[in-house]
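As a plain string of letters, each chain reads:
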Amino acid sequence: MESGTMVTMSTPAVDSNSDYDSSSGSGFSLILLSKSNPVFGCYMFWTSLLILKMLIMSLLTARQRMKTKTFANPEDVRGGLEVRFGDPNVERVRRAHRNDLENVLPFILMSLAYVATGPNPLTARLLIRIGASARLLHTVVYAVIPVPQPARGLAFLTTFAITCFEAGYVFVCCVKYI
Amino acid sequence: MESGTMVTMSTPAVDSNSDYDSSSGSGFSLILLSKSNPVFGCYMFWTSLLILKMLIMSLLTARQRMKTKTFANPEDVRGGLEVRFGDPNVERVRRAHRNDLENVLPFILMSLAYVATGPNPLTARLLIRIGASARLLHTVVYAVIPVPQPARGLAFLTTFAITCFEAGYVFVCCVKYI
Amino acid sequence: MESGTMVTMSTPAVDSNSDYDSSSGSGFSLILLSKSNPVFGCYMFWTSLLILKMLIMSLLTARQRMKTKTFANPEDVRGGLEVRFGDPNVERVRRAHRNDLENVLPFILMSLAYVATGPNPLTARLLIRIGASARLLHTVVYAVIPVPQPARGLAFLTTFAITCFEAGYVFVCCVKYI
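Residues numbered from 1 in each chain as written. Chains lettered and ligands numbered in written order. Predicted model: local features only at pLDDT ≥ 70, side-chain atom pairs only at ≥ 80, totals over all residues. Heavy atoms only, no water.

**Notes on the overall build of chain A**
Helices and strands together make up the secondary structure of chain A, namely five helices and zero strands. Restricting the contact set of chain A to residue pairs at least 6 apart, pairs at least 24 apart contribute 66%. Surface exposure of chain A reaches about 7,200 Å², of which carbon and sulfur atoms provide 65%. (Helix = DSSP H or I, 4+ residues; strand = E, 2+ residues; numbered from the N terminus. Contact = heavy atoms within 4.5 Å. Areas by Shrake-Rupley, 256 points an atom, 1.4 Å probe, with all protein chains shown as cover.)

Below, the structure written as C-alpha cells:
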C-alpha cells in the first residue's frame with residue numbers, strides 16, 4: 001500500500017459535504033460513524049429529536065398523575081390521599097410511552113447499524129427522516145390528541161416497516177460475518 | 001510521526017478479512033467501529049436478527065389481541081366490544097416483550113461498547129453469537145411454545161451472564177477514564 | 001491534499017492522553033468513537049456500570065418474587081401455589097426497572113451521539129459522570145431502601161436534565177444535516 005492510496009481514502013473525511021459513493025472500498029468505512037459523514041449527522045439530528053420526545057412522555061405522565069391524583073408510590077402521596085392505579089388517562093400515556101420503548105429504541109439502534117454499513121446516502125437520509133417523523137406523529141395521535149384509527153396504526157407501521165428494511169439490509173450486508 | 005507509520009496503521013482497514021491483533025496499539029482502534037472490522041460485522045449481523053425478533057413480538061401481541069378480542073384503547077374497539085385488559089395470552093406475550101426490552105437492548109448496547117474496546121476477535125464473536133442465539137431461543141420457549149422450566153431460565157441466564165461479562169470487561173478496560 | 005496533512009490529522013489517535021481541541025477540523029472526528037478518545041473511554045466506563053445496574057434489577061425482581069411467592073407464569077409455580085400478580089414489593093422493583101428503561105437507555109444512546117459530536121472533553125466527562133451517578137442513586141432510593149421524596153425526584157431530574165442538554169446540543173450541532 002502506498003501513500004497515494006491513503007490520500008485518496010481520506011478525502012471524504014476532509015471534504016465532508018460530498019455525497020461520496022460509499023460502496024467503492026472498505027477504506028471509506030473508516031469515517032461512516034463520524035460527524036464528517038452527512039448521513040451520520042442526519043441520524044444524530046433525528047435521534048436527538050426522538051430522545052427529547054421520549055423524555056417528554058415522562059412529563060406527560062407526571063401531568064396526568066397530578067391531574068387525576070393517581071400516584072403509584074406511597075412516598076409520592078400527600079394530604080390524605082391513597083395510592084391508586086389504573087386511571088385510564090395515566091394508563092394511555094404509559095401505553096404510548098411503552099410503545100416508544102418497543103419501537104423508538106430499536107429504530108435508533110437499527111439505524112445506527114444501518115448507517116455503519118454505508119448505505120446510499122440519499123436513501124438512508126430519507127428513511128431516517130420518514131421513520132423519525134412518523135414516530136413524532138404517533139405520539140401526537142396516541143397521547144396528546146387521541147384520534148380515531150387508522151391514524152395511529154399508519155404511523156406505527158411506517159416506522160415498523162423502515163426498521164424492518166434496515167434490519168434486512170444489515171442482515172444481507174453482514175451475513176458473511178455470521 | 002512519519003508517513004511510514006501511517007501506512008502500517010491503516011493496513012487493517014484495507015485488508016478486512018484478517019483477524020489482526022487489536023491490542024498492539026491505539027492506532028488500530030481507529031477502525032473498531034467500522035464494517036472493515038469482522039467483529040463489528042458479526043455484531044451488526046446479530047443485532048439485525050435481535051431487532052427483527054423484537055419487532056415480531058409486536059405482531060405476536062397484535063395476533064393475540066385479535067384472537068382474544070382484548071383491545072386496550074377505545075379507538076381500537078369495533079362492533080360493540082368493550083375495552084379489556086388482563087387476558088392471560090396477551091399478557092404472556094407482553095411479559096416476553098418487556099423481558100426483551102430489559103435484556104436485549106442492554107445486550108446490544110453493551111456488546112457495542114465491548115466491540116469498541118477491541119477484544120480478542122474469536123472470543124468476541126463467540127460471545128455475540130451465543131448471547132444473541134440464547135435470546136432467540138428465549139422468545140420461542142416463552143411466547144411461541146410455552147415450555148416447562150428450566151428452558152426459559154437457562155436461555156435467560158446465558159445472555160444475562162454474557163452481558164455481565166462484557167460489562168465487566170469494559171469496566172476493567174476503561175476504569176482509567178473514570 | 002498532501003501526505004503531510006494526513007500525518008497531522010492522525011496525531012490524536014496516537015497521542016491518546018491529550019485533551020485535544022476537537023473543534024479544529026473535521027479530520028479529528030475520525031477518532032471520536034474510539035478508545036483513543038478519553039471522552040469515549042469515560043462514556044464506556046459509565047455505560048458498563050449502568051448496564052450492570054439494570055441487570056441487577058432483574059435479580060432484585062426475582063428475589064422479591066421468591067420472597068413473596070408472586071410468580072407471573074404457570075410454569076414458574078411449584079408446590080401447589082397459584083399464579084399471582086400485583087404484590088406491592090414486586091411492583092415497586094418493576095416500576096424502578098421500567099423507569100430505568102425509560103431513562104437510562106435514552107441517556108446511554110444520547111450520550112453516544114453527544115460524544116460523537118466532539119464536545120468539550122471536560123464538560124462531556126462531567127455530564128456523563130454526574131448523569132450516570134444520579135441514576136445509580138435513583139435505584140438505591142427507589143428499589144433498595146425506599147426514601148421519602150424528594151430524594152428520588154432529584155435523582156430523576158438530574159439525569160433527565162443532562163439528557164435534555166445533550167439532546168439539545170446534538171440538535172444544534174446537526175441541524176444542518178436535517
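**A few points about the pattern of salt bridges**
For the coordinates displayed, the defined rule picks out 10 salt bridges over all chains. Salt-bridge contacts for Asp100 of chain B lead to Arg135 of chain B; the nearest nitrogen and oxygen are separated by 2.9 Å. Placement of the pair is Asp100 of chain B in helix α3 (residues 88-116) and Arg135 of chain B in helix α4 (residues 121-144), with a sequence separation of 35 residues. Its relative accessible area of 0% is what places Asp100 of chain B among the buried residues. Here the salt bridges share partners, and the residues they tie into one network are Lys53, Asp100 and Arg135 of chain A. (Salt bridge = Lys/Arg side-chain N within 4 Å of Asp/Glu carboxyl O. Buried < 20%, exposed > 50% of the residue type's maximum accessible area, 1.4 Å probe, protein only.)

**Focus on the UniProt feature "transmembrane region" (unreviewed entry) in chain A**
Residue and element names in this part refer to chain A. Taken from the UniProt record, the annotation "transmembrane region" (unreviewed entry) applies to residues 43-62 and 151-175. Here residues 43-62 is 100% helix and 0% strand, with 29 Å between the C-alpha atoms at its ends. Along residues 151-175 the backbone is 96% helical and 0% strand, and the end-to-end C-alpha distance reaches 36 Å. (UniProt positions renumbered as here; feature names shortened; annotations may be inferred.)

**Some thoughts on the nonpolar core**
By size, the foremost hydrophobic cluster in this structure holds 105 residues, and its most contacted members are Leu33 and Phe40 of chain A, Leu33 and Phe40 of chain B together with Leu33 and Phe40 of chain C. Apart from the residues lying within four places of it in its own chain, the contact partners of Leu33 of chain B are Leu33 of chain A, Phe40, Leu112, Val115 and Ala116 of chain B together with Leu33 and Phe40 of chain C. (Core = buried A, V, L, I, M, F, W, Y, C linked by side-chain atoms within 4.5 Å.)

**Focus: the packing of helix α3 (residues 88-116) of chain A against helix α3 (residues 88-116) of chain C**
One can describe the packing of α3 of chain A onto α3 of chain C by two numbers: an axis separation of 11 Å at closest approach and a directional angle of 30 degrees. Considered as vectors, α3 of chain A and α3 of chain C are oriented roughly parallel to each other. Viewed along their axes, α3 of chain A and α3 of chain C form a crossing whose handedness is left-handed. Facing Arg94, His97, Arg98, Leu101, Leu105, Ile108, Leu109 and Leu112 of chain A of α3 of chain A, the residues of α3 of chain C in contact are Arg98, Leu101, Glu102, Leu105, Leu109 and Leu112 of chain C. (Axes fitted to C-alpha atoms, helices over the stretch in contact; angles between N-to-C directions. Parallel < 35°, antiparallel > 145°, perpendicular 65-115°, else oblique. Left-handed = near helix turned anticlockwise from the far one by under 90°.)

**Section: the packing of helix α2 (residues 38-68) of chain A against helix α5 (residues 151-174) of chain C**
α5 of chain C packs onto α2 of chain A with a crossing angle of 150 degrees between their chain directions and a minimal axis gap of 8 Å. With respect to α5 of chain C, the element α2 of chain A is oriented roughly antiparallel. α5 of chain C is crossed by α2 of chain A, and the crossing has left-handed handedness. Across the interface between the two elements, Gly41, Met44, Phe45, Ser48, Leu49, Ile51, Leu52, Leu55, Ser58 and Leu59 of chain A of α2 of chain A pack against Phe156, Phe160, Thr163, Cys164, Ala167, Val170, Phe171 and Cys174 of chain C of α5 of chain C. In terms of residue class, the contact of α2 of chain A with α5 of chain C is made up of 14 nonpolar, four polar and no charged. (Nonpolar A, V, L, I, M, F, W, Y, C, P; charged D, E, K, R; others polar.)

**Points about α5 of chain C**
For α5 of chain C, spanning 24 residues, the distance from its first C-alpha to its last is 35 Å, which sits close to the expected 34 Å at 1.5 Å a residue. Along α5 of chain C, the positions that sit buried rather than exposed are Arg152, Ala155, Phe156, Thr159, Phe160, Ile162, Thr163, Glu166, Ala167, Val170 and Cys174 of chain C. (Expected span 1.5 Å × (residues − 1).)

**As for the packing of aromatic side chains**
Residue and element names in this part refer to chain C. Across all of its chains, the model carries 21 aromatic pairs over all chains by this definition. Each ring, one from Tyr114 and one from Tyr169, has its centre 5.2 Å from the other, and the planes form 85 degrees; the classification is edge-to-face. Taken as a pair, Tyr114 in helix α3 and Tyr169 in helix α5 lie far apart in primary sequence, 55 residues in all. On the basis of relative accessibility, which here comes to 29%, the residue Tyr169 falls in the partly exposed class. (Phe/Tyr/Trp six-rings, centres within 6.5 Å; stacked < 30°, edge-to-face > 60°.)

**Description of the confidence of the model for chain A**
All names here are of chain A. Of the residues in chain A, 81% reach a pLDDT of 70 or more, and the chain-wide mean stands at 78. Model confidence for chain A, summarised as mean pLDDT per element, is weakest for helix α1 (residues 3-14) at 36 and strongest for helix α5 (residues 151-174) at 92. Confidence drops under pLDDT 50 across residues 1-30; counting only partners more than four residues distant or on other chains, this segment forms 58 contacts. Prediction confidence for the complex, expressed as pTM and ipTM, is 0.80 and 0.77 respectively. (pLDDT = per-residue confidence, 0-100.)

**Some thoughts on helix α2 (residues 38-68) of chain B**
All names here are of chain B. Across its 31 residues, α2 extends 45 Å between first and last C-alpha, which sits within 8% of the 45 Å expected from 1.5 Å per residue. The buried count for α2 comes to 23 of 31 residues, which makes it a mostly enclosed element. Structurally, the start of α2 carries an N-cap: the backbone nitrogen of Val39 is 3.1 Å from a side-chain oxygen of Asn37. Backbone geometry just downstream of α2 places Lys69 in the positive-phi region, at approximately 50 degrees. (Polar contact = N/O pair within 3.5 Å; in protein donor to acceptor, adjacent residues only side chain to side chain.)

**Overview of the state of the cysteines**
Two cysteines, two sulfur atoms, one covalent bond between them: this is a disulfide. All chains considered together, the criterion is met by zero disulfides over all chains. Cys173 of chain A provides the cysteine sulfur closest to Cys174 of chain A, a residue in no disulfide bond, and the two sulfurs are 5.7 Å apart. Take Cys174 of chain A: its relative accessible area is 2%, and that puts it in the buried class. The closest cysteine sulfur to the non-disulfide-bonded Cys164 of chain B is located on Cys173 of chain B, 17 Å from its own sulfur. Since its relative accessible area comes to 25%, Cys164 of chain B is described here as partly exposed. (Disulfide = S-S within 2.5 Å.)

**What to know about the side chain of Ser58 of chain A**
Within the secondary structure, Ser58 of chain A is located in helix α2. Residue classification places Ser58 of chain A among the buried positions, given a relative accessible area of 11%. Sequence-distant contacts of Ser58 of chain A, that is, excluding residues within four places in its chain, are made with His97 of chain A together with Asn103, Phe156 and Phe160 of chain C.

**Some points on the environment of Ala151 of chain C**
Looking at the secondary structure, you find Ala151 of chain C in helix α5. A relative accessible area of 27% means that Ala151 of chain C is categorised as partly exposed.

**Looking at the environment of Leu105 of chain A**
Among the structural elements, Leu105 of chain A can be located in helix α3. When its relative accessible area of 1% is taken as the criterion, Leu105 of chain A is described as buried. A C-alpha to C-alpha distance of 9.5 Å links Leu105 of chain A and Thr47 of chain A, two positions 58 residues apart in sequence. Beyond its immediate stretch of four places on either side in the chain, Leu105 of chain A contacts Met54 and Asp100 of chain A, Leu105 of chain B together with Leu101, Leu105 and Leu109 of chain C.

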